[in-house]
Amino acid sequence: MLGWAGALSGCIAEVGDTGARDELVGESQGALLGGNALSANALNLNALNLNALNLNGLSAQNLATIQDPGPNGTLAREFVRYATNCALSSAGSFDFSWTDSSGNMHHESYPGLLGVAPTWASGPLDELGQRMVSSCVAARVNYYQVPVVVSARSLRTPLKTLSSSRELIDYPDVEGAFWGNLFAAQPYLNACYNSATVNNSRAYQRDCAAGHLTSGDQVVECGVIRIAGPCDRVCQSLNGAGQYYPSCVDRPGQSTATTKEVVTTALP
């Protein structure tokens, strides 16, 4: 099993509580995400042997990691909580217990929400599931640790937003897209930004698509998420009905192959 490397600078995002979550679930089947706090350290690509991770049958090594009472366990649990929230629907959850250094037992129950890869409840993720969970987790990252409600959209169900959805009216400014595969032999994440809405994204303190802009106007990538530049250079044009990028170049600068497992985000 891979160990934890050093801390990564970058992003965090958060998930709302059950009440807030239920309020956000509507026509888009929970595509509005709000409430927030996932640290960049939890996206550390050496965090877990993710290929072996099965929410309904964790390997002994992975179970030991999420039960670790130290900082490694904290980060592992944080990642699994967000990954579960992305993968499973609201009907599912991942439950387990761990004991802290004082001997106190903690019973965890991580709820599902979006359902982008519900089969993870019963077996390892296939490649599509790996990519959708990775894209979803990346899309929920926030550099400043500031709670921001975003609209998450995709060509893939259940995030495929209909043109009649109120969500499209309330969240008209597409900020960018996220894609990649944290489960690959060489994990990677990418993001691109919508040039027309960069200022709006930064006003909402959502810098992960365009990169964090320092006081010296230097762009800092958002943790492990590589910034691929403007979306119109690496992605298919926005879908007119759902306002999402149907596909993007999977590894910009390395090949021309594309992926459809892309999560697009939008802001008010």
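Residues numbered from 1 in each chain as written. Predicted model: local features only at pLDDT ≥ 70, side-chain atom pairs only at ≥ 80, totals over all residues. Heavy atoms only, no water.

### Looking at the overall build of the chain
As a reminder, the rule being used: Helix and strand assignments follow DSSP, with helices taken as H or I runs no shorter than four residues and strands as E runs no shorter than two, numbered in order from the N terminus. Only protein chains enter the area calculation, which uses a 1.4 Å probe; residues under 20% of their type maximum are buried, those over 50% are exposed, and those in between are partly exposed. Throughout, a contact is declared for two residues whenever any of their heavy atoms are within 4.5 Å. Working definition of accessibility: Shrake-Rupley area with a 1.4 Å probe, residue cover restricted to the visible protein chains.
On a plain count of helices and strands, the chain comes out with 7 helices and 14 strands. Across the 268 residues in the chain, those meeting the buried criterion constitute 52%. Of the contacts formed within the chain by residues at least 6 apart in sequence, a portion of 68% connects residues at least 24 apart. In the structure as shown, the chain presents an accessible area of about 11,300 Å², 48% of it carried by carbon and sulfur atoms.

### Quick word on unusual backbone geometry
Proline 158 follows threonine 157 through a cis peptide bond whose omega is 5 degrees. You will see that glutamine 205, though not glycine, has its phi angle at about 60 degrees, which is positive. Its location among the elements puts glutamine 205 in the loop between helix 6 (198–203) and strand 9 (212–213).

### What to know about the confidence of the model for the chain
Where we set the bar: The pLDDT score gives, residue by residue, the confidence of the prediction method on a 0 to 100 scale.
A residue-level look at the chain finds 74% of positions with pLDDT of 70 or above and a mean pLDDT of 76. For the stretch residues 1–30, pLDDT sits under 50, and the model shows 97 contacts to residues farther than four places along the chain or on other chains. Contacts of residues 44–54 to residues separated by more than four positions or lying in other chains number 40 contacts, the stretch itself having pLDDT below 50.

### Some points on the state of the cysteines
Rules: For the purposes of this analysis, a disulfide is any pair of cysteine sulfur atoms at a distance within 2.5 Å.
Summed over all chains, the structure comprises 3 disulfides. One disulfide bridge connects cysteine 192 with cysteine 231, the sulfur atoms lying 2.0 Å from each other. Across the S-S bond of cysteine 192 and cysteine 231 the torsion is about 95 degrees, and the bridge reads as right-handed. One end of the pair, cysteine 192, is in strand 8 (residues 188–193); the other, cysteine 231, is in helix 7 (residues 231–234), with 39 residues separating them in the sequence. Residue classification places cysteine 192 among the buried residues on the basis of a relative accessible area of 0%.

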